[in-house]
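Structure at a glance
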Amino acid sequence: MEHALSSATLTELRRPRPYPAVSVLTPTHRREPDNAQDPVRLRNAVAEAKRRLEADPAVTRERRVDVVEQLDRALTEVDLTHAEDGLVIFAAPGEHTVWSLARPVPERVVLSDTFLTRNLVAAQAAERPFWVLAVAADRVSLWSGGADRVVEENTAGFPLSRSLEDPDAERQERVGDLPSVFRDEHTRRFLRDADSALGRVLRAHPRPLYVTGEPAALAALAETGTTTRDAAHVPHGGLGHARAETVWQAVRAVVLDRQRADADAVRRELETARGRREFAAGVDEVWHSAAEGRVRLLAVEENYRVTVRDDDGDHLVPAASGDLDAREDIVEEIVERCLSTGAEVRFVPDGTLTEAAGIAGVLRY
């Protein structure tokens, strides 16, 4: 199952497909007893997709057989024992992908000539992704971080590793010329390679960066390279070979502190915009501003959800889930629209935007 959405991947997913491109969305659960229902809901959703393929006269038999096979393959790749809050399956002739999201999705099956990507986009924005670089003398690992976890990355040569055995160390020790491991030229060359690899990753996928390691390692890395100088440094040894949970616990407090500071900054910016009359609040007002491309900064509470329907195309009005023409993922629509027009999207803790009913924007004009 896929977790991280890059710009290149999103561009590929948005590419038009030969009809039908099938999107299957279903909520999932992380814990018992709620997760007991997930396998049944998933099978029902895929069965509904197959039923609609069978009933659609625009789908040829050859393509129907192909897409059904892709759906069956996707099902074998789903790992509900490690489920998050939502699952998305994309299937089209000759291809399929499975996405696990740390954000709920509505139960939905869509047949079109493109995949329904807005829930992926919103989930990625809500994750507030970051990088963690764990530095040791013999191994440098890179971790992709999200809302409550880190996952080790195998990209750009990471993890980098080397042997600490030095065939000349015994002679150097006899003559009193054995340097500290982080002053050793071989180690510094190793750290320069790590710095160069990290630079390639940050250029392709810019995110906040946290660097962890013992103080001597952090100092040596700062001296030998440039990419970590603006990063948040977290002195903590023993993470070169650590597991994901250990790395997450090492950086967790620093990450949460930065996120709280970011939320405070967003609050201040919204207040300033209100004073300048460059402010929108509430789902209807923000939706109109987003449609016009006027939103520069969108702020959304992390668990804000609302189901609406169009009132003759002029306004959004509250609706019940399952109502005719109900739009259960309107917040995801707004997020995707704002990102597509170059806006910054920030998810903030629940209760931050009480006066704005959960969603607010700073306008360009």
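Cut-offs used in this document
- Sequence positions are assigned chain by chain, starting from 1 and proceeding in written order.
- Since the coordinates come from a predicted model, pLDDT governs what is reported: local features require at least 70, and pairs of side-chain atoms require 80 or more to be given and counted, while whole-chain, interface and lining totals use all residues.
- Think of the side-chain values as coming from all heavy atoms in the structure, minus any hydrogens and water.
- The method works on a 1 Å grid over the protein atoms by themselves. A cavity is a set of points holding a 1.4 Å probe that cannot get out, a pocket is an open set with protein on both sides within 12 Å along at least five of seven lines, and residues with an atom within 4 Å of a point line them.
- Grid points are joined across faces, edges and corners, and a volume is the space filled by probe spheres set on the points.
- Runs of E in the DSSP output that reach at least two residues are strands. Runs of H or I that reach at least four are helices, and both are numbered from the N terminus.
- Residues are grouped as follows: Ala, Val, Leu, Ile, Met, Phe, Trp, Tyr, Cys and Pro are nonpolar; Asp, Glu, Lys and Arg are charged; every other residue, Gly included, is polar.
- Any Lys or Arg side-chain nitrogen located within 4 Å of an Asp or Glu carboxyl oxygen qualifies as a salt bridge.
- Think of it in three bands: residues with accessible area under 20% of the maximum for their type are buried, residues over 50% are exposed, and the middle band is partly exposed, with areas taken using a 1.4 Å probe on protein chains only.
- By definition here, a helix of n residues has an expected span of 1.5 Å times n minus one.
- At any given residue, the bend is defined as the angle formed between two axes, one fitted to the seven residues that end at that position and one fitted to the seven that begin there.
- Contacts were defined at the residue level, with two residues in contact if any of their heavy atoms lie within 4.5 Å.
- Identification of polar contacts relies on pairs of N or O atoms within 3.5 Å, with a donor-acceptor requirement for protein atoms, meaning one able to donate a hydrogen and the other able to accept it, and with residues adjacent in sequence counted only if both atoms are side-chain atoms.
- When DSSP locates at least two bridges between a pair of strands, those strands are taken to pair.
- Only the contacting stretch of a helix is used when fitting its axis, a line to C-alpha atoms as for every element, and angles between N-to-C directions run 0 to 180 degrees.

1. Quick look at the layout of surface pockets
- Size it by volume and the largest pocket reaches roughly 1,000 Å³.
- The wall of the largest pocket is formed by 43 residues, among which Leu5, Gln124, Pro129, Pro206 and Arg207 lie closest to the centre.
- Elements with a minimum of two residues in the lining of the largest pocket: α1 (7–14), β3 (95–101), α4 (118–127), β5 (130–135), α6 (185–204), α8 (244–275), α10 (330–340) and β15 (344–348).
- Of the residues forming the lining of the largest pocket, the biggest block, six residues, is contributed by α1.
- Empty space within the second largest pocket amounts to approximately 460 Å³.
- Taken together, 24 residues make up the lining of the second largest pocket; nearest its centre are Ala126, Arg128, Ala147, Glu302 and Asn303.
- Mapped onto the lining of the second largest pocket, the elements with two or more residues apiece are α4, α8 and β15.
- Here the lining of the second largest pocket is built from residues that sort into eleven nonpolar, two polar and eleven charged.

2. Focus on the pattern of salt bridges
- This model, assessed by the stated rule, comprises 33 salt bridges.
- Between Arg15 and Glu12 there is a salt bridge; the shortest N-O distance is 2.8 Å.
- For Arg15, the salt bridge is made with Glu95, and the minimal N-O distance between the two is 4.0 Å. Here Arg15 is found in the loop between α1 and β1 (21–27), whereas its partner Glu95 is found in strand β3, with 80 residues between them in sequence.
- Looking at Arg15, the relative accessible area reads 35%, which means it is partly exposed.
- Accessibility expressed as a relative area gives 23% for Glu95, which makes it partly exposed.
- Within the structure, one salt-bridge network assembled from shared partners comprises Arg108, Arg118, Asp310, Arg327, Asp329 and Glu333.

3. Here's the deal with α8
- With 32 residues, α8 extends 45 Å from end C-alpha to end C-alpha; this agrees with the ideal 46 Å at 1.5 Å per step.
- At Val251, α8 shows its strongest bend, of approximately 50 degrees.
- Burial in α8 covers these residues: Val247, Trp248, Ala250, Val251, Val255, Gln259, Ala263, Val266, Leu270 and Ala273.
- Phi turns positive, to about 60 degrees, at Arg277, one or two residues after α8.

4. Points about the environment of Arg183
- Here Arg183 is to be found in the loop between α5 (169–174) and α6.
- Taking the C-alpha atoms as reference, Arg183 lies 9.6 Å from Ala217; in sequence the two are 34 residues apart.
- If sequence neighbours within four positions are ignored, Arg183 has contacts with Arg188 and Glu223.
- Within the local environment of Arg183, its side chain forms a polar contact with the side chain of Glu223, the two groups lying 3.2 Å apart.

5. Re the side chain of Glu84
- Following the sequence through the fold, Glu84 ends up in the loop between α3 (61–77) and β2 (86–92).
- Classification of Glu84 as buried rests on a relative accessible area of 5%.
- Polar contacts involving the side chain of Glu84 include one to the side chain of Ser100, which spans 2.7 Å.
- Among the polar contacts made by the side chain of Glu84, one reaches the side chain of Arg149 at a distance of 2.6 Å.

6. Observations concerning the sheet that holds strand β11 (residues 279–281)
- The mixed open sheet is built from four strands, whose spatial order is β11-β16-β12-β15. The strands lining the two open edges of the sheet, one partner per strand, are β11 and β15. Taken over all neighbouring pairs, the strand axes of this sheet differ in orientation by 15 degrees on average, direction set aside.
- Bridge analysis of strand β12 (residues 295–301) against strand β16 (residues 359–363) gives five bridges, and the strand direction is antiparallel. Note on β16: the bridge partner recorded for Leu297 is Val362.
- Sheet strands touched by helix α9 (residues 283–291): β11, β12 and β16. Its angle to β11, the strand with the most contacts, is close to 130 degrees.

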